[in-house]
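The residues making up each chain are set out below.
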Amino acid sequence: MKITCLGHSGFVVETEKFNFVFDYYKGEIPDLSQRKETFVFISHRHYDHMNTDVFALSKNMKRVKYILSSDIPTAILEEHGVRDYIMVSPGKRLQLETGRGRLKIRTIPSTDAGVAFIVSTKNETLFHAGDLNLWLWDGMSEEEVYNMTAAYKEYTSVLRKYQIDVAFLTLDNRQKQYAFLNIDYFMRRFKIAHCIPMHYSGSTKICDVLKDSDMSIDYRDRIIKLKPFRYVTI
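The rules behind these values
- Residues numbered from 1 in each chain as written.
- Predicted model: local features only at pLDDT ≥ 70, side-chain atom pairs only at ≥ 80, totals over all residues.
- Heavy atoms only, no water.
- Core = buried A, V, L, I, M, F, W, Y, C linked by side-chain atoms within 4.5 Å.
- Buried < 20%, exposed > 50% of the residue type's maximum accessible area, 1.4 Å probe, protein only.
- Contact = heavy atoms within 4.5 Å.
- Helix = DSSP H or I, 4+ residues; strand = E, 2+ residues; numbered from the N terminus.
- Polar contact = N/O pair within 3.5 Å; in protein donor to acceptor, adjacent residues only side chain to side chain.
- Arc of directions from axis to C-beta.
- Pairing = 2+ DSSP bridges.
- Axes fitted to C-alpha atoms, helices over the stretch in contact; angles between N-to-C directions.

Draft legend 1. Geometry of the nonpolar core. Counting 60 residues, the largest nonpolar core has I3, F20, F41, I67, F117, F127 and I183 as its most contacted members. In this structure, I67 is in contact with V40, F41, I42, I86, V88, L94, L96, I105 and F117, ignoring residues within four places of it in sequence. Ranked by size, the runner-up nonpolar core spans 20 residues in total, among them Y24, I29, V40 and L68.

Here it is, written out as structure tokens:
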């Protein structure tokens, strides 16, 4: 598959049979094959995960379906003329029969807003975390740390059942000393072939620091640093 970074948490994944667009925020979406069905995922309504320009795809392409977190007002969809969409809440399971095979979608709760997506085809499984992250910050109380950590572990536990080909995971500069904990937790506990960090909120050099650190020695070769508007083929 070809994976293009659109900046922040936005990605386009082109597989043999499908196009997937996740959390488009800015930049230009590459030309996508009209032969494939395109599925657009929006994990929540925060401005840095949802740019309404993505709704123009439904006018320019023949087969586009939107999978949208239920916190997104349907009035926005009506305003942009979107008709083919499914609203999803945490814990939703979908099985879509398409012209090019079966698509399975599962949502899990976020530790911030909306949902995270597990997307499975016959040949690959993708995980896009949205804003699901171990959001620890300087100055948090013990209770806040405990509650965040407990929710994070509970929500992510379902991933033990999956063999994930690509996981898009948060690596946020603003978290300082806590920034690496999220990816470290995922890579040590779940079966992930490739991890692509996202949601940097600053320089992408933090990815290099993580890969060079002793912490990542067991999985650094599975981390792919992808700068905005670059792509990688896996």
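What follows picks up the thread again.
Draft legend 2. Up close: the side chain of D172. On the secondary structure map, D172 appears in the loop between β11 (163–170) and α4 (181–189). According to the relative accessible area criterion, D172 is buried, its value standing at 0%. Of the polar contacts made by the side chain of D172, one reaches the side chain of R174; its length is 2.7 Å. Apart from residues no more than four positions distant in its own chain, D172 is found in contact with W135, A179, H199, Y200, S201 and I206.

Draft legend 3. Structural view of helix α5 (residues 205–212). Three or more residues of α5 are buried, namely I206, C207 and L210. Looking straight down α5, one finds that the buried residues subtend no more than 105° of arc, so they occupy a single side. Pointing more than 90 degrees away from the buried face of α5 are the exposed residues K205 and D212. Tucked inside the fold, the buried residues of α5 contact α4 and β12 (191–198).

Draft legend 4. Local environment of the sheet that holds strand β10 (residues 125–128). Strand order in the open sheet made by the 6 strands is β7-β8-β9-β10-β11-β12, with mixed pairing throughout. Strand pairing shows two members of the sheet lacking a second neighbour, β7 (93–98) and β12, which therefore form its edges. Strand-to-strand twist of the sheet, defined as the mean angle between neighbouring strand axes without regard to direction, takes the value 20°. Note: strand β9 (residues 115–120) against β10, 4 bridges, orientation antiparallel. When the bridges of β10 are listed, I118 appears paired with F127. Sheet strands in contact with α4 are β10, β11 and β12, and its direction is about 165° off that of β12.

Draft legend 5. Up close: the sheet that holds strand β2 (residues 10–14). An order of β6-β5-β4-β3-β2-β1-β13 is seen for the 7 strands of this open sheet, with the pairing classed as mixed. Unpaired on one side and paired on the other, β6 (85–88) and β13 (231–233) mark the two borders of the sheet. On average, each strand axis in the sheet is tilted by 15° relative to the strand beside it, whichever way the strands run. In this structure, strand β1 (residues 2–7) lies alongside β2, joined through 5 bridges in antiparallel fashion.

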